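One letter stands for each residue in the lines below.
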Amino acid sequence: MEEKFAHPELRTPENLVYKRTDLLVDCPLSYCPGCGHGVVHRMLMEVLEEKDIASKTIGVNPVGCSVLAYDFMNIDMLGAAHGRAPALATAIKRLWPDRYVFTYQGDGDLAAIGTAETIHACNRGENFTIIFINNGIYGMTGGQMAPTTLPGMRSSTSPYGRDIDIMGHPLKITELIAQLPGTYYVTRQSVQTPAAVRKTKKALRKAFDLQDEKKGISFVEVVSNCNSGWKMTPVQSNTWMEENMFPAYPLGDIKVNGELVK
Amino acid sequence: MAKIKGDIVVNIERCKGCEVCLAACPFTCIAMSEEVNSKGYHFAMKVNDDCTGCSNCALVCPDGVITVYRAKVTVA
Amino acid sequence: MGELRLMKGNEAIAEAAIRAGCDGYFGYPITPQSEVMEYLMVERPYETTGMVVLQAESEVAAINMLYGGAGTGKMVLTSSSSPGVSLMQEGISYMAGAELPALIVNIVRGGPGLGTIQPSQADYFQAVKGGGHGDYHMIVYAPASVQEMADFVQIGFDVAFKYRTPVMILSDGAIGQMMEKVYLADPVPRLTEKEVIARCPWASNGRPMSRQHNIITSLDLDPAGQERLNLVLQEKYRKIEESEVMFETIDCEDADYILVAFGLSARICQKAMNLARQKGIKVGLFRPITLFPFPKKEIHELAKRVKGMLVVEMNAGQMIEDVQLAVGCDIPIKHYGRFGGIIPTPDEVVKALEETIIGG
């Protein structure tokens, strides 16, 4: 294929400024086009690479869209049953205290079926990192209502919009766990713009740095899109997310150094 | 005169045509191809010479298909 | 050398685990097995051997902590009682699917539902036939004494790692609570991280760049792959059936009738056997020690030489199905059971033998 504006003369190792990290397995990701999961995967692996801790890191992935995350992250991983990742991570971190341990979970996994495991791991002050992808929907099973689905938001099990009188309220689990004494760093980020991606990476870096201090859970929520579940194009879904998800799930640090951000 | 010049390499077969990179590019350097890859996706491609190698496109790309190069070049 | 002590069955499990070099215990309180964790919390092995002891928020969490620990190659233990073990079935099925070694103790109480806190053997089917979803088995040991409670901890861990499979000790509230003297082996040190990595090259405990990354999972979306995993499991169970059967026979050589019983029921049957022999009835006792693998061949051979078998269980008739399948010839096989937490008396057993087999 002819590349009209290509500049092969620039493509030298010394000019390289960005390439996909080798800590991502060289295979296609299973996510839908435009899905934020892939960006979070990449930022996470970049953090492990930059900290040079890949060989000391153990990841736990959930059931949900990222059920196959262990195929993409080139580190030792365990696939948990739905919602149970914090229980696995609890045992792993306690049995291997010098390893870096993280869970990677979606909203249904972390905030519905795994609520008990999430809250108690956070409240015990386990020294691992929870990465929470909140797209307000069950993506993998086909777009059903999630604990974080917004009022009025349509899903396959709230086809006329989430009616809070019947279906209850969205659960702001991140604000909830920030109240617990066992959480040390709680933040909410996103990955739809370059600036947001950089911030998310910084948050992930901080979360892993904090594992060295053993002061409790570091929790990074990433509000993300689910264009397939929301039935939009990827670019539309990012705009919709900014206009609708962010007011309900405002971005920024919620708890830093064990103190709630006012 | 020295100028910053950038170039991107898109892994065409891995691109899913989501167009998120288009919105991220400050210089409108990227557009979708007319052709499709073996999966049937239109893929991202560079369509002008304004790229500075800022890496924004690569950062937001969900599939990590963009490699970015950047160099100072002298132009007459 | 070792040491002789007077202990409850539940305490013996805990002490044996410390001495076996167990790396972690994760549990949730439930009667009649709470002494396991209570003992560990008093002993504080985390200060001596480095063994982790953690009270989880539920049995669901406890079994998944076990899954996590086992997936990194560590020796991990949980204990619970029937309603709690029902909650654990999810994690046990996942561990079977991911081929993870772990030891699970069920100090059975009467059911169904909340049932009772008194002893029972009504979880036989759940333990032996799978319990959770999918085609799998655990190796199941049925101790009949406090001594065996202790012994089966080390044995259980050994076979769990030998076959990469979850193993269950299926006991009951009476053996868990009763005190007997028990010989405890000298402690063995916990494995070092290096030794764990050498023993479990498959485990996910941090990937040296010299090898590919390890993945612990029971998922394979490709049906052909999932069938392959199932075939691997079935082959493993075949090997276990070939090599790991344990049983005990008492006075079976000249017996006309056989009592078949496991665990606590076998102790009662031992007394019943003596009573029957005093009456001139030649009775022997066959005690399966492993419930999976079940001693099929041995029961089959024994059945050829006797006039009948009475299967005595603290349930409504569960192991009898395996006895019937194993016997394969035309002799009467009857069941005598009490349930809901009632323990049968030796007299009841003799009466049942006389009425249902000899007179029946």
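Note that the structure is predicted; figures quoted are calculated from it, not measured. (Residues numbered from 1 in each chain as written. Chains lettered and ligands numbered in written order. Predicted model: local features only at pLDDT ≥ 70, side-chain atom pairs only at ≥ 80, totals over all residues. Heavy atoms only, no water.)

Examining unusual backbone geometry
Residues and elements named next belong to chain C.
Phase 1: In this model, G111 is joined to P112 through a cis peptide bond whose omega is 0°.
Phase 2: Secondary-structure assignment places P112 in the loop between β5 (102-108) and α6 (124-128).
Phase 3: Of note, the bond from F292 into P293 is cis; its omega dihedral lies within 30 degrees of zero at 0°.
Phase 4: Structurally, P293 is set in the loop between β13 (290-292) and α12 (296-303).
Phase 5: Even without being glycine, R44 reaches a positive phi, approximately 50°.
Phase 6: On the basis of relative accessibility, which here comes to 41%, the residue R44 falls in the partly exposed class. (Helix = DSSP H or I, 4+ residues; strand = E, 2+ residues; numbered from the N terminus. Buried < 20%, exposed > 50% of the residue type's maximum accessible area, 1.4 Å probe, protein only.)

Section: the sheet that holds strand β3 (residues 76-79) of chain A
The strands making up a sheet associate through hydrogen bonds between their backbones, and the pairing can be parallel or antiparallel.
Phase 1: With mixed pairing, nine strands are arranged side by side in an open sheet as β11(A)-β10(A)-β8(A)-β9(A)-β5(A)-β4(A)-β2(A)-β3(A)-β9(C). On the outer flanks of this sheet lie β11 (259-260) of chain A together with β9 (215-216) of chain C, each paired with one strand and no other.
Phase 2: As paired elements, strand β4 (residues 100-106) of chain A and strand β5 (residues 129-134) of chain A share five bridges and run parallel to each other. Pairing of F102 of chain A across the sheet is with T129 of chain A, part of β5 of chain A.
Phase 3: Sitting on the sheet, helix α3 (residues 85-95) of chain A touches β2 (57-61), β3 and β4 of chain A, and the angle it makes with β4 of chain A is about 180°. (Pairing = 2+ DSSP bridges. Contact = heavy atoms within 4.5 Å. Axes fitted to C-alpha atoms, helices over the stretch in contact; angles between N-to-C directions.)

Points about the interface of chain B and chain A
Phase 1: Taken together, the contact between chain B and chain A spans 37 residues of the former and 36 residues of the latter.
Phase 2: Of the roughly 2,900 Å² buried between chain B and chain A, counting both surfaces, carbon and sulfur atoms make up 61%.
Phase 3: Area buried by chain B at its contact with chain A is led by R14, L59 and Y69 of chain B, which between them contribute 22% of it.
Phase 4: Here chain B is connected to chain A by two salt bridges.
Phase 5: The residue R14 of chain B makes a salt bridge to D26 of chain A at a minimum N-O spacing of 2.9 Å.
Phase 6: For the side of chain B that touches chain A, the secondary-structure elements that each account for two or more residues are β1 (2-10), α1 (20-24), β3 (42-46), α2 (56-60) and β4 (66-74) of chain B. (Buried area = accessible area lost by both parts, 1.4 Å probe. Salt bridge = Lys/Arg side-chain N within 4 Å of Asp/Glu carboxyl O.)

Considering the environment of N48 of chain B
Phase 1: Relative to the elements of secondary structure, N48 of chain B occurs in the loop between β3 and α2.
Phase 2: Under the relative-accessibility criterion, N48 of chain B is labelled buried at 17%.
Phase 3: Sequence separation between N48 of chain B and A71 of chain B is 23 residues, and the spatial gap between their C-alpha atoms is 17 Å.
Phase 4: In contact with N48 of chain B, other than residues within four places in its own chain, are F5 of chain A together with F27, T28 and C29 of chain B.
Phase 5: Engagement of the side chain of N48 of chain B in a polar contact is seen with the backbone oxygen of T28 of chain B, the distance being 3.0 Å.
Phase 6: Here the side chain of N48 of chain B touches D50 of chain B through a polar contact of 2.9 Å, landing on its backbone nitrogen. (Polar contact = N/O pair within 3.5 Å; in protein donor to acceptor, adjacent residues only side chain to side chain.)

A closer look at the nonpolar core
Phase 1: Residues L259, M309 and V323 of chain C are the most contacted members of the largest nonpolar core, which totals 156 residues.
Phase 2: Broken down by element, the residue count for this core peaks at ten residues, all from helix α7 (residues 146-163) of chain C.
Phase 3: The contacts of L259 of chain C, once residues within four sequence positions are left out, are C269, A272, M273, V283, G284, L285, F286, L310, V312, V349 and L353 of chain C.
Phase 4: With 61 residues, the next largest nonpolar core counts C27, I53 and M73 of chain A together with A24 of chain B among its residues. (Core = buried A, V, L, I, M, F, W, Y, C linked by side-chain atoms within 4.5 Å.)

Purely geometric numbers; function is a separate question.
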